[in-house]
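# Examining the three-dimensional arrangement
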Amino acid sequence: MPVYTCTTVQSALSAETKASLAGEVTRIHSMINHVPGTYVNVVFHELEPDDLYTNGEPARPLLINGWVRTGHPEAQSSQLVAEIAAAATRVTGIPAKQVLVVIQNSPAHLAIEGGRVLPDPGEEEAWLREKAPH
Amino acid sequence: MPVYTCTTVQSALSAETKASLAGEVTRIHSMINHVPGTYVNVVFHELEPDDLYTNGEPARPLLINGWVRTGHPEAQSSQLVAEIAAAATRVTGIPAKQVLVVIQNSPAHLAIEGGRVLPDPGEEEAWLREKAPH
Amino acid sequence: MPVYTCTTVQSALSAETKASLAGEVTRIHSMINHVPGTYVNVVFHELEPDDLYTNGEPARPLLINGWVRTGHPEAQSSQLVAEIAAAATRVTGIPAKQVLVVIQNSPAHLAIEGGRVLPDPGEEEAWLREKAPH
């Protein structure tokens, strides 16, 4: 269900580091938002040095944008963003001051996966029990 | 007005398939949301195999993120997401279980195209009749 | 805090033009939304010619997607999107009819930078005065 998109410059993250970060983001999201890891997607965009700017100068931030379903409890969302941000620095070694994590959301009924409209937060179990059409 | 961003791994989609999917997404959005096809944008991000993960493992999902103006009727939005998801599998052959379609939105007044603020849903005709400044 | 993502085809923008656009977007956002330029990120995605479509045909639009914190005054947001759109054409020479600027937002408490949850609009000064933990 969720998609986390990590944007940074080429060579900032090794293949191993990307795999580790994908693993940690999946573990954290799965634990906090009650979604099986098989539904957590992590995308990396690795850009040329002249395609990423902070303060109008070429820079090397790590920008993480997460999309989740609208309606998770406030405290849960705060914990999610905090743990993702902490993991980003812990796994990659990129200092926290260069890391920005943003969570965006849409109503579950505006998303389809496996041919089925996603469940609202809290209704994952029933949704997962139902047989997917494909 | 809308932007559909399709993310997958390199070689998952041929040039022909991308063109066909862009065409279908344009046709569907145009029909359901009453926007001329000339305003429908489709973007493809084709990533290296180690830049896309599901469940913390390299994977080959097709992730489609659509941006539309806030305020379309609920039933229209549900139809939109369903038809885009069905077209994704029909055109690409990628099984529905690997396809995630998410629609996000912003108020029309937070978007500008052709030098003009976009119209709210339902007010497209008057907007299109007005002469653009460029 | 904000992230502006500019998507177009390869060779549409020279390295110099990208740097100029990043500088202008930073200056405009900083001035209007009261955020130091050091917190403004600009990303460029330069795609292959067959990865970008308008009306189902390969095309060369300039798509700019900005993420900002929810809660800026309406007039401020309208000015922001207008000035970003004007700068895009002024700096790149791409005609306004090929430029789409969209602003999306999330609540500040769903974003973390420098290890700290972002301030709501209007509370930037106090936030900036506090010592960051890293």
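Residues numbered from 1 in each chain as written. Chains lettered and ligands numbered in written order. Predicted model: local features only at pLDDT ≥ 70, side-chain atom pairs only at ≥ 80, totals over all residues. Heavy atoms only, no water.

### Regarding the overall build of chain A
Quick note on the threshold: Each helix is a run of DSSP H or I of at least 4 residues and each strand a run of E of at least 2, with the numbering of both proceeding from the N terminus. Buried means the residue's accessible area, taken with a 1.4 Å probe over protein chains only, is under 20% of the maximum for its type, while exposed means over 50%, and partly exposed covers the values in between. Any two residues whose heavy atoms approach within 4.5 Å at even a single point are treated as in contact. Here the open area of atoms and residues is found with the Shrake-Rupley method and a 1.4 Å probe, where only the protein chains shown may cover a residue. Note that His is not counted, nor are the chain ends; the positive residues are Lys and Arg, and the negative ones are Asp and Glu. Just so you know, the charge point we use is NZ for Lys, CZ for Arg, CG for Asp and CD for Glu.
The secondary structure content of chain A amounts to 3 helices and 8 strands. Beginning at the N terminus, the succession of helices and strands in chain A can be written as β-α-β-β-β-β-α-β-β-β-α. Expressed along its principal axes, the backbone C-alpha trace of chain A runs to roughly 50 × 30 × 25 Å. Across the 134 residues in chain A, those meeting the buried criterion constitute 55%. Considering only contacts in chain A between residues 6 or more positions apart, those separated by 24 or more positions represent 76%. Carbon together with sulfur atoms contributes 52% to the accessible area of chain A, which is approximately 5300 Å² in total. Chain A carries 9 positive and 15 negative side-chain charges, and their two centres are separated by 6 Å.

### Some thoughts on the sheet that holds strand S5 (residues 62-69) of chain B
Let me state the cut-off plainly: In this analysis, strands are considered paired if DSSP registers two or more bridges between them.
As summarised here, the arrangement of the 8 strands in space is S8(A)-S7(A)-S6(B)-S5(B)-S1(B)-S2(B)-S3(C)-S4(C), forming an open sheet in which the pairing is mixed. Each of the sheet's edge strands pairs with one partner strand only, and the pair in question is strand S8 (116-117) of chain A together with strand S4 (57-58) of chain C. With 5 bridges joining them, strand S1 (residues 3-9) of chain B and S5(B) adopt antiparallel strand pairing. Residue pairing across strands places B:Cys6 opposite B:Ile64, the latter belonging to S5(B).

### Here's the deal with the interface of chain C and chain A
One frequent convention defines the size of an interface as the accessible area lost when the parts assemble. In plain terms, the rule: When two parts are brought into contact, each loses some accessible area as probed by a 1.4 Å sphere; the total of that loss over both is the buried area. The salt bridge criterion pairs a side-chain nitrogen of Lys or Arg with a carboxyl oxygen of Asp or Glu, the two atoms within 4 Å. Polar here means any residue other than Ala, Val, Leu, Ile, Met, Phe, Trp, Tyr, Cys and Pro, which are nonpolar, and Asp, Glu, Lys and Arg, which are charged; Gly is therefore polar.
Each partner contributes to the interface: chain C provides 29 residues, whereas chain A provides 27 residues. Summed over both sides, the interface between chain C and chain A buries roughly 2200 Å², with carbon and sulfur atoms accounting for 57% of that surface. Where chain C packs against chain A, one counts 2 salt bridges. As a salt-bridge pair, A:Asp50 and C:Lys18 come within 3.4 Å of each other at their nearest N and O atoms. For the side of chain C that touches chain A, the secondary structure elements donating two or more residues are helix H1 (15-33), strand S2 (41-47), strand S6 (99-106) and strand S7 (111-113) of chain C. Looking at side-chain class alone, the side of chain C that touches chain A contains 14 nonpolar, 12 polar and 3 charged residues.

### What to know about unusual backbone geometry
Look at B:His34: it is not a glycine, yet its phi comes out positive at around 60°. Checked against the element boundaries, B:His34 lands in the loop between helix H1 (15-33) and strand S2 (41-47).

### Thoughts on the relation of the copies chain C and chain A
Note the cut-off: Here the copies are superposed with least squares, the fitted atoms being C-alpha atoms of residues at a pLDDT of at least 70 in both.
Each copy of the sequence occupies a distinct position, and chain C is placed on chain A by a rotation of 120° and an axial shift of 0.0 Å, giving an RMSD of 0.0 Å. With respect to symmetry, the two chain copies, as superposed, fit the operation of a three-fold axis. The residues that chain C uses at the interface reappear at the interface of chain A in only 7% of cases, marking distinct surfaces.

### Details of the relation of the copies chain C and chain B
Once chain C is rotated about the relating axis by 120° and shifted along it by 0.0 Å, it coincides with chain B to within an RMSD of 0.0 Å. Of the residues that chain C buries at the interface, just 11% are likewise interface residues in chain B, meaning the two copies contact each other through different surfaces.

### Regarding the interface of chain C and chain B
Taken together, the contact between chain C and chain B spans 27 residues of the former and 30 residues of the latter. Of the roughly 2200 Å² buried where chain C meets chain B, counting both sides, 58% is carbon and sulfur surface. Taken as a group, C:Asp51, C:Tyr53 and C:Leu100 account for 25% of the area that chain C buries against chain B, more than any other trio of residues on that side. Where chain C touches chain B, the interface holds 2 salt bridges.

### What about helix H2 (residues 74-92) of chain C?
All names here are of chain C. What counts is decided by this rule: In this scheme, a helix's expected span is set at 1.5 Å multiplied by one less than its residue total. Arc, as used here, means the arc of the directions from the helix axis to the C-beta atoms.
Over its 19 residues, H2 extends 27 Å from the first C-alpha to the last, a length consistent with the 27 Å expected when each residue adds 1.5 Å. If you check which residues of H2 are buried, you get Gln76, Ser77, Leu80, Val81, Ile84, Ala85, Ala87, Ala88 and Thr92. The buried residues of H2 all sit within an arc of 165° when viewed along its axis, so they share a single face. Residues of H2 that are exposed and angled more than 90 degrees away from the buried face: Ala75 and Arg90. In the stretch just after H2, Gly93 is the one whose phi turns positive, near 80°.

### Looking at the environment of A:Thr8
All names here are of chain A. Following the sequence through the fold, Thr8 ends up in strand S1 (residues 3-9). In sequence terms Thr8 and Leu52 are 44 residues apart; their C-alpha atoms lie 7.4 Å from each other. What Thr8 contacts, discounting residues up to four positions off in sequence, is Leu13, His45, Glu46, Leu47, Leu52, Arg60, Pro61 and Leu62.

### A look at the packing of aromatic side chains
Spelled out, the test is: Between the rings of Phe, Tyr and Trp (Trp by its six-membered ring), a pair exists once the centres lie within 6.5 Å; its type follows the angle of the planes, with under 30 degrees stacked, over 60 edge-to-face, and the other angles tilted.
Applying the stated rule across the entire model yields 6 aromatic pairs over all chains. Geometrically, the ring pair formed by B:Tyr39 and B:Trp127 is edge-to-face, given 5.6 Å between the ring centres and 70° between the ring planes. Within this pair, whereas B:Tyr39 is found in the loop between H1 and S2, its partner B:Trp127 is found in helix H3 (residues 124-129), the two being separated by 88 residues in sequence. The same class applies to B:Tyr39 and to B:Trp127, which are both buried. Their ring planes at 85° and their centres at 5.8 Å tell us that B:Phe44 and C:Tyr53 sit as a pair that is edge-to-face. Of this pair, B:Phe44 sits in strand S2 while C:Tyr53 sits in strand S3 (residues 52-54), each in a different chain.

### What about the UniProt feature "domain: Tautomerase cis-CaaD-like" (unreviewed entry) in chain A?
Our working rule: UniProt positions are given in the numbering used here, feature names are shortened, and annotations may be inferred rather than shown by experiment.
Per the UniProt record, "domain: Tautomerase cis-CaaD-like" (unreviewed entry) is annotated on residues 1-130 of chain A. Spanning residues 1-130 of chain A, this segment combines 34% helix with 31% strand, and its end C-alpha atoms are found 16 Å apart.

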